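Survey of secondary and tertiary structure
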Amino acid sequence: MSSRTDLGTAAAPLRGLDNYFTMTRRGSSWGRELRGGVVTFFTMAYIVVLNPLIIGTQADSTGAFLGGGSVESAQAKVAVATAVVAGVMTILMGVVANYPLALAAGLGLNVFVTFGIAKLPGMTWEDAMGLVVLEGIVLVVLVLTGFRAAVFHAVPPSLRIAISVGIGLFITIIGFVDSGFVRRTAVGPVPVELGVGGALQGWPTIVFLVGLVVISALLVRAVRGALLIGILVSTALAIVVEAVFEVGPNITAQGEANPTGWGLNVPRLPDQILATPDLDLLGRFSLLGSFRAIGVAAAVLLVFTLIVADFFDTMGTMVAVGAEGALLDADGVPPNADRILLVDSLAAAAGGAASVSSNTAYIESTAGVAEGARTGIASIVTGVLFLVAAVFAPLVRIVPYEAAAPALVIVGFVMMLQVRSIDWDDGEAAIPAFLTIVVMPFTYSITAGIGAGFVMYAVLKAVRGRWSEVHPLMWFSAGLFVVYFAIDPVKALLGVS
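What comes next concerns the included structure. (Residues numbered from 1 in each chain as written. Predicted model: local features only at pLDDT ≥ 70, side-chain atom pairs only at ≥ 80, totals over all residues. Heavy atoms only, no water.)

**Focus on unusual backbone geometry**
Not every positive phi belongs to a glycine, and T22 is a case in point at roughly 50°. Within the secondary structure, T22 sits in the loop between helix 1 (2-21) and helix 2 (30-44). With phi around 55°, A326 is a residue other than glycine that occupies positive phi space. By the secondary structure assignment, A326 is in the loop between helix 12 (296-324) and helix 13 (337-353). (Helix = DSSP H or I, 4+ residues; strand = E, 2+ residues; numbered from the N terminus.)

Encoded structure:
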């Protein structure tokens, strides 16, 4: 009798967690959540390496690097802070919002902060990160007042589906480009080409193709853990290939191009496994310094640009993740939408406060959902792995782009299946949906795709005289996007440099 009681007592916490995270009700399991969290981490762990290469290697307008030291010091500090903030905010997403969505420093946003803000005359890194904190604070206010959720609910179903499909194509091209399967052309009118000079060359491309075939084969055979297995197999193959053939990076230490080299990470076993985390960047921001440096009007316009990009980027990402996991309700709304948006808004401010740029929802989360993740438990797993990465940073650098990219391509295929739910016979819905879908991958921007769809939807409804069918918040959002797309003329009109 006592042994049964002990077993029941031991199982009680697990049942409590199951009930809190609604794991069984969402058709998941501990194994699926664990695999999903691990896959999401592996598909986005590149940010721990890439973010330092973007904001850690650039000086602000005064010539100073982040943290006030050398470029090498800045990179090391950014890597640690990137991992820590991503870990904490992703865990918070799992605990508070119970959603399989991971967050980290936003690509695109970090580029804008680096080259579009920090290098403005008179601006310092502290001033730039202060603007990011302000962006997050404004987003939090918009969530607490219900405005951000209201805009989400105002989006018509056709555009919600299109956003998800467009993001699927977007992450597919990310996978192709990161792996070197698709590249920019050196000359001529054609913007991209297959491989190098129109042909597939180099061992990294072979690793990518092997990973793609392995994952595809495992999926059609309904093998659990297909994405994770594919990433691990590709990484192991990449390590062997590098050890035997010494492929090297695609940009050598001398700055020379090596077209058939590895992208971002060279897959070799590190000499050092542990690294002591340096959290010196936390809290290094000036909330209002930018207003003194560049003026109120310029600072406000920069905050506006950050808000619009982050606002709609997250909206599209959380819908795509929900659609992938069949988590959306009849109106296409994910569970705990308000909490998701709140955590995302807090993450934007946290990213600025830690000097790693605005943190936002990552579309790579769909890879974990495709692996079976359905609850916040997967986010907690991903977040913990990010925290571990802050200490085991050298191990994170083992996985090259080419090993993780096949998972993104396959997830893009799965998300593409939703396109059949759009009514293609209704031009008023189909044309905006089409623009949303194609503009995202062709501009490499989720925000641009959403904006194109919103503006065209409003225009076509107006042309047909159906003004009343457009929600007022859709009109407002379309107007914001017009300003967003024309931000440079608006700056010129206001006399802002």
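**A closer look at helix 13**
Taking 1.5 Å of rise per residue, the 17 residues of helix 13 would be expected to cover 24 Å, and the 25 Å separating its terminal C-alpha atoms lies within 8% of that figure. For helix 13, the secondary structure elements touched by its buried residues are helix 4 (71-97), strand 1 (103-105), helix 6 (125-144), helix 7 (147-154), helix 12 and strand 4 (359-361). After helix 13 finishes, the residue S355 shows a positive phi value of roughly 65°. (Expected span 1.5 Å × (residues − 1). Contact = heavy atoms within 4.5 Å.)

**What about the packing of aromatic side chains?**
This model, assessed by the stated rule, comprises 14 aromatic pairs. When the centroid spacing of 5.6 Å and the interplanar angle of 45° are considered together, the rings of F181 and F208 count as tilted. One end of the pair, F181, is in the loop between helix 8 (157-179) and strand 2 (182-184); the other, F208, is in helix 9 (residues 203-220), and 27 residues separate them in sequence. Each member of the pair, F181 as well as F208, is classed as buried. Grouping aromatic residues by their ring pairs yields a cluster made of F454, F481, Y484 and F485. (Phe/Tyr/Trp six-rings, centres within 6.5 Å; stacked < 30°, edge-to-face > 60°. Buried < 20%, exposed > 50% of the residue type's maximum accessible area, 1.4 Å probe, protein only.)

**Quick word on the pattern of salt bridges**
Where charged atoms from two side chains of opposite charge approach closely, those side chains can pair. All told, the structure shown has eleven salt bridges when counted by the stated rule. For K77, the salt bridge identified is with D280, shortest N-O distance 3.1 Å. Taken together, the positions of K77 in helix 4 and D280 in the loop between helix 10 (226-245) and helix 11 (289-294) put the pair 203 residues apart, joining distant regions of the chain. Of the charged contacts in the structure, one is a salt bridge between K461 and E469, with a shortest N-O distance of 2.7 Å. Its relative accessible area of 8% is what places K461 among the buried residues. Its relative accessible area of 43% is what places E469 among the partly exposed residues. (Salt bridge = Lys/Arg side-chain N within 4 Å of Asp/Glu carboxyl O.)

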